[in-house]
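Structure at a glance
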Amino acid sequence: SQQGEEDPQALSIQEGENATMNCSYKTSINNLQWYRQNSGRGLVHLILIRSNEREKHSGRLRVTLDTSKKSSSLLITASRAADTASYFCATGNFGNEKLTFGTGTRLTIIP
Amino acid sequence: NAGVMQNPRHLVRRRGQEARLRCSPMKGHSHVYWYRQLPEEGLKFMVYLQKENIIDESGMPKERFSAEFPKEGPSILRIQQVVRGDSAAYFCASSPQTGRNEKLFFGSGTQLSVL
């Protein structure tokens, strides 16, 4: 089963609004990452937050991590049409090398 | 610097044929990961390799699938006797030698279609 589960599965908002996506996971992690995937393309890394961090910012992105609830959120502020993509969370677990990806949120920005 | 290069971009095979997918990691990266993505789904881990070694193949089907990352040349994911259920996008990712679970750099993927 997937380690990460994002919600909502799909999200449509007007350009300029903020978009929030959530990710829940099941086991202990050493970091959590968010990736973006444009249609038909590979994934692009957006931001990484470690298990001892609670919040991180990068440009218009803000990520929070709550290890007690095993959840993370990704906030994209002042959305643009170019932000239209699928967004995936991925967890890195202690004891192994691979990242485990969630099922993704499809974000559509309406111009 | 070239990113992760995958080829071919699209591959069409008939049932029973072999599919070979190639991946050249970013320069200086010695860790390669293969993932499979079905339509409208997330990425499923298949295999993790370092040069000349398979480190974790827990996500790889036991039959028909194999992977290698030789000392020279690209990593190869081989699927023998393909079936329609193998149709998917296959993504390769690489990471540098140091740092576990650090960010991955993805290629653009190979879309495999089995007729």
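Residues numbered from 1 in each chain as written. Chains lettered and ligands numbered in written order. Predicted model: local features only at pLDDT ≥ 70, side-chain atom pairs only at ≥ 80, totals over all residues. Heavy atoms only, no water.

On to the overall build of chain B. Of regular secondary structure, chain B possesses zero helices and 11 strands. The order of helices and strands in chain B, counted from the N terminus, is β-β-β-β-β-β-β-β-β-β-β. Taking 13 Å as the expected radius of gyration for a compact globule of 115 residues, we find that chain B reaches 13 Å, a close match to that expectation. Overall, the C-alpha framework of chain B stretches about 40 × 25 × 25 Å when taken along its three principal axes. Split into buried and exposed, the 115 residues of chain B put 44% on the buried side. Contacts in chain B between residues far apart in sequence, at least 24 positions, make up 51% of those at least 6 positions apart. Mean positive and mean negative side-chain charge positions of chain B (17 and 11 charges, respectively) differ by 5 Å. (Helix = DSSP H or I, 4+ residues; strand = E, 2+ residues; numbered from the N terminus. Rg over C-alpha atoms; globule rule 2.2 N^0.38 Å. Buried < 20%, exposed > 50% of the residue type's maximum accessible area, 1.4 Å probe, protein only. Contact = heavy atoms within 4.5 Å. Lys, Arg positive; Asp, Glu negative; His and termini not counted. Charge placed at Lys NZ, Arg CZ, Asp CG, Glu CD.)

In this structure, Trp34, Met46, Leu77 and Tyr90 of chain B are the most contacted members of the largest nonpolar core, which totals 23 residues. When residues of this core are traced back to their parent elements, those giving at least two are β3 (19-24), β4 (29-37), β5 (43-50), β7 (65-68), β8 (75-79), β9 (88-96) and β11 (110-114) of chain B. The residues touching methionine 46 of chain B, leaving out its near neighbours within four places in the chain, are Trp34, Tyr35, Arg36, Asp56, Glu57, Ser58, Gly59, Met60, Pro61, Phe65, Leu77 and Tyr90 of chain B. In terms of nonpolar packing, the next biggest core, distinct from the first, is built from 22 residues, Leu46, Val63, Leu74 and Ile109 of chain A among them. (Core = buried A, V, L, I, M, F, W, Y, C linked by side-chain atoms within 4.5 Å.)

A separate point is the interface of chain B and chain A. Taken together, the 22 residues of chain B in the interface contact 24 residues of chain A. The interface formed by chain B and chain A includes one salt bridge. With a shortest N-O distance of 3.4 Å, lysine 98 of chain A and aspartate 56 of chain B are connected by a salt bridge. For the pair chain B and chain A, the number of links is six residue pairs in polar contact (both at pLDDT 80 or more). Elements with a minimum of two residues in the side of chain B that touches chain A: β4 and β5 of chain B. If one sorts the elements of the side of chain B that touches chain A by residue count, β5 of chain B sits on top with four residues. (Salt bridge = Lys/Arg side-chain N within 4 Å of Asp/Glu carboxyl O. Polar contact = N/O pair within 3.5 Å; in protein donor to acceptor, adjacent residues only side chain to side chain.)

Let us look at the sheet that holds β3 of chain B. All names here are of chain B. Here we have four strands laid out as an open sheet, ordered β1-β3-β8-β7, and antiparallel in their pairing. The outermost strands of the open sheet, each flanked by one partner alone, are β1 (5-7) and β7. The mean angle between the axes of side-by-side strands here comes to 15°, regardless of whether they run parallel or antiparallel. (Pairing = 2+ DSSP bridges. Axes fitted to C-alpha atoms, helices over the stretch in contact; angles between N-to-C directions.)

Residue and element names in this part refer to chain B. Position of arginine 78 among the secondary structure elements: in strand β8. Looking at arginine 78, the relative accessible area reads 17%, which means it is buried. Taking C-alpha positions, arginine 78 is 11 Å from methionine 60, a pair spaced 18 residues apart along the chain. When near neighbours in sequence (up to four residues on either side) are disregarded, arginine 78 contacts Glu18, Ala19, Arg20, Arg64, Phe65, Ser66 and Glu68.

Pairs may arise between side chains of opposite charge once their charged atoms sit close together. Applying the stated criterion to the full structure yields eight salt bridges over all chains. In this structure, the salt-bridge partner of glutamate 53 of chain A is lysine 56 of chain A, at a minimum N-O distance of 3.9 Å. Between arginine 64 of chain B and aspartate 86 of chain B there is a salt bridge; the shortest N-O distance is 2.7 Å. You can see arginine 64 of chain B sitting in the loop between β6 (53-56) and β7 and its partner aspartate 86 of chain B sitting in the loop between β8 and β9, a full 22 residues away along the chain. By relative accessible area, arginine 64 of chain B is classed as partly exposed at 26%. Here the residues in one salt-bridge network are Glu18, Arg20 and Arg78 of chain B, joined through shared partners.

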